[in-house]
Amino acid sequence: MSFGESQVERYARHIILQEVGGQGQAKLLESKVLIVGAGGLGSPLLLYLAAAGVGMLGIVDDDRVSLSNLQRQVIHTNDALGVPKVESAARAIKAINPDVAVMCHEERLTAENALNLISAYDLVADGSDNFETRFLLNDACYFGRKTLVSAAILRFDGQLSTYKAYAAKGQPCYRCIFREPPPPGLIPSCAEGGILGAVAGSMGSLQSTEVLKELLGIGESLSGTLLIYDALGATFRNVRIKPDPTCPLCGDNPTITDLSSHLLATDEVCAVP
Ligand SMILES: [Zn+2]
């Protein structure tokens, strides 16, 4: 791949990095990333991945922009109120970087469409706000053999990790840490519990860095590590996570062998497990 003059200028600060270079930038321009949720996490994710020149960004979201979103969902603006989030996000991405193709999937992620949706992409980033989607995406990415970079936020706290249990036995999946969704009502949603907007920005930005690292194959992967951010304490903790041999998905005797259990899921809760 050869760069045009404006691309050399646009990506100059990437190209000068030894770990990225022209080759790495070309790789990004050929990469396809699916982002689930164009909200608090999805906003910084999409903005930074677009600016970085990730060639294709797919966005899954069935919601429309509302006033209470604008406190943290910085990809959307006041004049986009009432507009589908995928459309509002696509507009912002195009305004930042015309190199990026955007695929709008204005729908909810379901057991029926998940495998098909992720199949067209190299990597998946979870910016969703509920456990149902979080577990569904973990299972779908395992079966579909896609690396999943997943973040979660609530109040002043955030979590982030990368899951690629499909790739090797030594790597955990989300269910190795959190076996199944908590009972409905146990953990408040962001709407109930609140969220400091800037915490969404911090976690979404960290998430975009991990996505770029995975695409480029540089640095230490967060696979096998859960990064926990406590904004009030101003601390980051790294917790090592091991694959669980009794995990119902990626363990030695899996009981989840397809996405059918998600067909029955009804209740929704949002946030950090
Ligand atoms: Zn597992």
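Located above this text is the structure these notes cover.
Residues numbered from 1 in each chain as written. Predicted model: local features only at pLDDT ≥ 70, side-chain atom pairs only at ≥ 80, totals over all residues. Heavy atoms only, no water.

(A) A look at the coordination of the zinc ion. With distances of 2.3 Å, the protein atoms coordinating the zinc ion are C173 (SG), C176 (SG), C247 (SG) and C250 (SG). Viewed at the metal, the 4 donor atoms of the zinc ion are separated by angles of 93 to 122 degrees, and the geometry they form is tetrahedral. Each donor residue of the zinc ion lies on one chain, and together they are spaced C-x2-C-x70-C-x2-C. Placement of C173 in the loop between strand 6 (157-163) and helix 8 (174-177) and of C250 in the segment after strand 8 (235-240) is noted, with a sequence separation of 77 residues between them. With respect to burial, C173 and C250 carry one shared label: buried. (Donors = N, O, S within 2.8 Å, 3.2 Å for Na, K, Ca; no water. Tetrahedral: all angles 85-135°; square planar, octahedral: opposite > 155°, others 65-115°. Helix = DSSP H or I, 4+ residues; strand = E, 2+ residues; numbered from the N terminus. Buried < 20%, exposed > 50% of the residue type's maximum accessible area, 1.4 Å probe, protein only.)

(B) Layout of the layout of surface pockets. Each pocket or cavity is described by its volume, and for the largest pocket that value is around 680 Å³. Every residue lining the largest pocket is counted, 33 residues in all, and those nearest its centre are D63, K85, S128, D129 and N130. Those elements giving two or more residues to the lining of the largest pocket turn out to be helix 7 (131-144), strand 5 (147-154) and helix 9 (190-193). The residue inventory of the lining of the largest pocket, partitioned by class, reads 12 nonpolar, 11 polar and 10 charged. (1 Å grid on protein atoms, 1.4 Å probe; cavity = no way out; pocket = protein on both sides within 12 Å on 5 of 7 lines; lining within 4 Å. Points joined across faces, edges and corners; volume = space filled by probe spheres on them. Nonpolar A, V, L, I, M, F, W, Y, C, P; charged D, E, K, R; others polar.)

(C) A look at the pattern of salt bridges. Counted under the stated rule, the structure contains 7 salt bridges. Its salt-bridge partner being K164, residue E214 comes within 2.7 Å of it at the nearest N-O pair. With E214 in helix 10 (residues 197-216) and K164 in the loop between strand 6 and helix 8, this residue pair connects regions lying 50 residues apart in the sequence. The same class applies to E214 and to K164, which are both buried. (Salt bridge = Lys/Arg side-chain N within 4 Å of Asp/Glu carboxyl O.)

(D) Examining the sheet that holds strand 4 (residues 123-126) more closely. Taken in spatial order, the 8 strands make up an open sheet running 3-2-1-4-5-6-7-8, and their pairing is mixed. Edge strands, defined here as strands with exactly one partner in the open sheet, are strand 3 (101-105) and strand 8. Averaged over all neighbouring strand pairs, the angle between strand axes comes to 15 degrees, with direction disregarded. As paired elements, strand 1 (residues 32-36) and strand 4 share 4 bridges and run parallel to each other. Bridge assignment links V36 to a residue of strand 4, and that residue is D126. (Pairing = 2+ DSSP bridges. Axes fitted to C-alpha atoms, helices over the stretch in contact; angles between N-to-C directions.)

(E) Expanded view of the pairing of strand 8. With 6 bridges connecting them, strand 7 (residues 225-230) and strand 8 associate as antiparallel partners. Paired with L227 across the bridge in strand 8 is N238. Connecting strand 7 to the antiparallel partner strand 8 that follows it, the hairpin turn spans 4 residues, and A234 within it adopts a positive phi of roughly 55 degrees.

(F) Structural view of the environment of S150. By the secondary structure assignment, S150 is in strand 5. A residue is classified by how much of its surface remains accessible, and S150, at 6% relative accessible area, is buried. Each C-alpha atom of the pair S150 and A101 lies 22 Å from the other, and the pair is 49 residues apart in sequence. In this view, S150 contacts D126, R134, Q159, L160, S161, Y163 and Q207; residues no more than four positions away in its chain are not counted. Here the side chain of S150 touches R134 through a polar contact of 3.3 Å, side chain to side chain. (Contact = heavy atoms within 4.5 Å. Polar contact = N/O pair within 3.5 Å; in protein donor to acceptor, adjacent residues only side chain to side chain.)

(G) Inspection of the packing of aromatic side chains at higher detail. Per the counting criterion, the structure on display carries 5 aromatic pairs. Their ring planes at 65 degrees and their centres at 5.8 Å tell us that Y142 and F143 sit as a pair that is edge-to-face. Relative accessible area serves as the criterion here: at 28%, F143 is assigned to the partly exposed category. Ring centres of Y163 and Y174 lie 5.8 Å apart, and the angle between their planes is 85 degrees; this geometry places the pair in the edge-to-face category. In this pair, Y163 is assigned in strand 6 and Y174 in helix 8, connecting sequence segments 11 residues apart. Of the residues examined, Y163 reaches a relative accessible area of 5% and is grouped as buried. Its relative accessible area of 4% is what places Y174 among the buried residues. (Phe/Tyr/Trp six-rings, centres within 6.5 Å; stacked < 30°, edge-to-face > 60°.)

(H) Fine view of the environment of E107. Locating E107 in the fold gives a position in the loop between strand 3 and helix 6 (114-119). Look at E107 and you get partly exposed, because its relative accessible area is 30%. Sequence-wise, E107 and D63 are 44 residues apart; in three dimensions their C-alpha atoms are separated by 8.2 Å. Leave out the neighbours within four places in its chain, and E107 touches V60, D61, D62, N113 and L117. A distance of 3.2 Å separates polar atoms of two side chains, one belonging to E107 and the other to N113.

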